[in-house]
Amino acid sequence: MQQQKVVDSNAEDFSDGEEATFQDIDMLQDQGINAADLKKLKAAGICTIKGVQMTTKKALSNIKGISEAKVEKIKEAASKMAIVDESMKRKQCFKISTGSEDLDKLLGGGVESMAITEVFGEFRTGKTQISHTLCVTTQMPGAMGYTGGKVVFIDTENTFRPDRLRPIADRFNLDQAAVLDNVLYARAYTSEHQMELLDHVAAKFHEEAGIFKLLIVDSIMALFRVDFSGRGELADRQQKLAQMLSRLQKISEEYNVAVFVTNQMTADPGAAMSFQADPKKPIGGHILAHASTTRISLRKGRGENRIAKIFDSPDMPESEATFSITNGGITDAKE
Ligand code: ATP
Ligand code: MG
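Residues numbered from 1 in each chain as written. Chains lettered and ligands numbered in written order. Predicted model: local features only at pLDDT ≥ 70, side-chain atom pairs only at ≥ 80, totals over all residues. Heavy atoms only, no water.

A. Representation of the overall build of the protein in the model. The secondary structure content of the protein amounts to 14 helices and 13 strands. Here the protein holds 335 residues, and the buried ones make up 47% of them. Restricting to contacts in the protein with at least 6 residues of sequence separation, those with at least 24 account for 68%. (Helix = DSSP H or I, 4+ residues; strand = E, 2+ residues; numbered from the N terminus. Buried < 20%, exposed > 50% of the residue type's maximum accessible area, 1.4 Å probe, protein only. Contact = heavy atoms within 4.5 Å.)

Laid out in structure tokens, this is it:
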């Protein structure tokens, strides 16, 4: 099927001199690294210069056929080629609208690329509905030269409904079929499978350079909760979770995509006895708290209204935003 491309990655289309979104690892050939070695790195999932920089020397030397001497050479070549500085990073970073201006404002403009945004809340607070809306809004051109792009949706709870995207596409005057084509869906069955999928996602992002703008994981913790039970397995769970979040963080920076994850809550039995106003906490502990750049808590308001609040941010004010869940997706609150 011929699918309508919302964005085009061809360099010549970047008329305003925008840089390519990442540097392919093959560029290291100019620095004297041979193609066979680069192939080994790619087989290990390291496809970009940034990927080399984000991998430890120890991990590189564990790749079959890559000696310690080679690691030194590769690392040196990568740092020579690396042109990533903070100002360029800021130039490339973009924000995706949630469909509600008030919620966007709370987020500082929308769901940000090169970062992990987490929303958590009790059931029916709108986590999956925001995820569906983002599948569509990501495809719209936006502020500051954002051109729109494709989405990967990793579903751990079997709650993704492609048909749900149709009325949302209508609301934004987008072609339904094109919108559906631009969302790549994967169901994860175990936490291990969820991790494996990230390898495929990274490969896809590399293959279709600059085309993907958003990676959704709805929900990040559900399978960990099932696969690891009880106190005895907590340390193991947190270690695996940390690995997954580190991978997500790297993917977001390497390919300049936004990562949006949803999370559940648990009643904190200790806090219930205290004077704390809200005894409920997101699950995942400090590992998840640390990995998420922005955390938003959701609670129910009147009717289909929901209230979002910045949770535990060191540099954002403690403000709230009210939004509504409608057939056309997330919108500003009606009243
Ligand atoms: P869970 O923790 O169970 O996954 P959630 O936070 O993901 O919950 P959602 O599924 O995003 O919750 O939100 C469910 C809410 O969205 C319900 O209140 C439902 O009425 C509303 N909703 C779902 N579809 C529509 C629609 N087409 N039009 C209006 N509201 C809808
Ligand atoms: Mg849900």
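B. Expanded view of the site of ligand 1. Around ligand 1, the surrounding shell holds 15 residues, and the nearest of these are Arg 124, Lys 127, Thr 128, Gln 129 and Arg 306. The separation between an oxygen atom of ligand 1 and a polar main-chain atom of Thr 125 is 3.2 Å. Between Lys 127 and ligand 1, the recorded distance is 2.8 Å, taken from a side-chain N or O atom to an oxygen atom. Protein burial of ligand 1: of its 650 Å² of free accessible surface, 72% is covered by the chains. Contributing elements (two or more residues each) for the shell around ligand 1: α7 (127-137) and β12 (320-326). The element best represented in the shell around ligand 1 is α7, accounting for three residues. (Near = heavy atom within 4 Å. Polar contact = N/O pair within 3.5 Å; in protein donor to acceptor, adjacent residues only side chain to side chain. Areas by Shrake-Rupley, 256 points an atom, 1.4 Å probe, with all protein chains shown as cover.)

C. Local environment of the sheet that holds strand β3 (residues 115-121). If you walk across this open sheet you meet the nine strands as β5-β4-β6-β7-β3-β10-β11-β12-β13, and the pairing is mixed. Edge positions in the open sheet fall to β5 (183-187) and β13 (329-332), since each of these has one partner strand only. On average, adjacent strands in this sheet sit at an angle of 25 degrees to one another, irrespective of strand direction. Bridge analysis of β12 against β13 gives four bridges, and the strand direction is antiparallel. Considered in β13, the bridge of Ile 325 is made with Ile 330. Across the sheet, α7 touches β3, β4 (150-155), β5, β6 (212-218), β7 (258-263), β10 (294-300), β12 and β13, and the angle it forms with β7 is around 160 degrees. Strand contacts of helix α10 (residues 191-207): β4, β5 and β6, with the helix running at about 175 degrees to β6, the strand carrying the most contacts. (Pairing = 2+ DSSP bridges. Axes fitted to C-alpha atoms, helices over the stretch in contact; angles between N-to-C directions.)

D. Focus on helix α1 (residues 35-43). Among the residues of α1, Asp 37, Leu 38 and Leu 41 are the ones counted as buried. For α1, the buried positions fall inside an angular range of 100 degrees around the axis, keeping them on one side. Every exposed residue of α1 that faces more than 90 degrees away from the buried side is listed here: Lys 39 and Ala 43. Those residues of α1 hidden inside the fold are in contact with α3 (57-61) and α4 (68-81). Its side-chain oxygen at 3.2 Å from the backbone nitrogen of Ala 36, Asn 34 defines the N-terminal cap of α1. (Arc of directions from axis to C-beta.)

E. Structural detail: the packing of aromatic side chains. For the structure shown, the criterion picks out eight aromatic pairs. Seen from their ring centres, Phe 153 and Phe 160 are 4.5 Å apart, and the 45 degrees between their planes marks the pair as tilted. Pairing Phe 205 with Phe 212 gives two aromatic rings, centres 5.1 Å apart and planes at 35 degrees, and the pair type is tilted. For Phe 205, a relative accessible area of 2% gives the class buried. (Phe/Tyr/Trp six-rings, centres within 6.5 Å; stacked < 30°, edge-to-face > 60°.)

F. Region of the structure containing the confidence of the model for the protein. Residues with a pLDDT of 70 or more make up 86% of the protein, whose mean pLDDT is 88. Of the regions scoring below 50 in pLDDT, residues 1-19 engages in 22 contacts with residues more than four places distant in sequence or in other chains. (pLDDT = per-residue confidence, 0-100.)

G. Spotlight on the pattern of salt bridges. In this structure the tally under the stated criterion is 14 salt bridges. Asp 163 is the salt-bridge partner of Arg 166, the closest N and O atoms lying 2.9 Å from each other. A residue is classified by how much of its surface remains accessible, and Arg 166, at 31% relative accessible area, is partly exposed. One salt bridge in this structure joins Glu 208 and Lys 204, with 3.1 Å as the shortest N-O distance. (Salt bridge = Lys/Arg side-chain N within 4 Å of Asp/Glu carboxyl O.)

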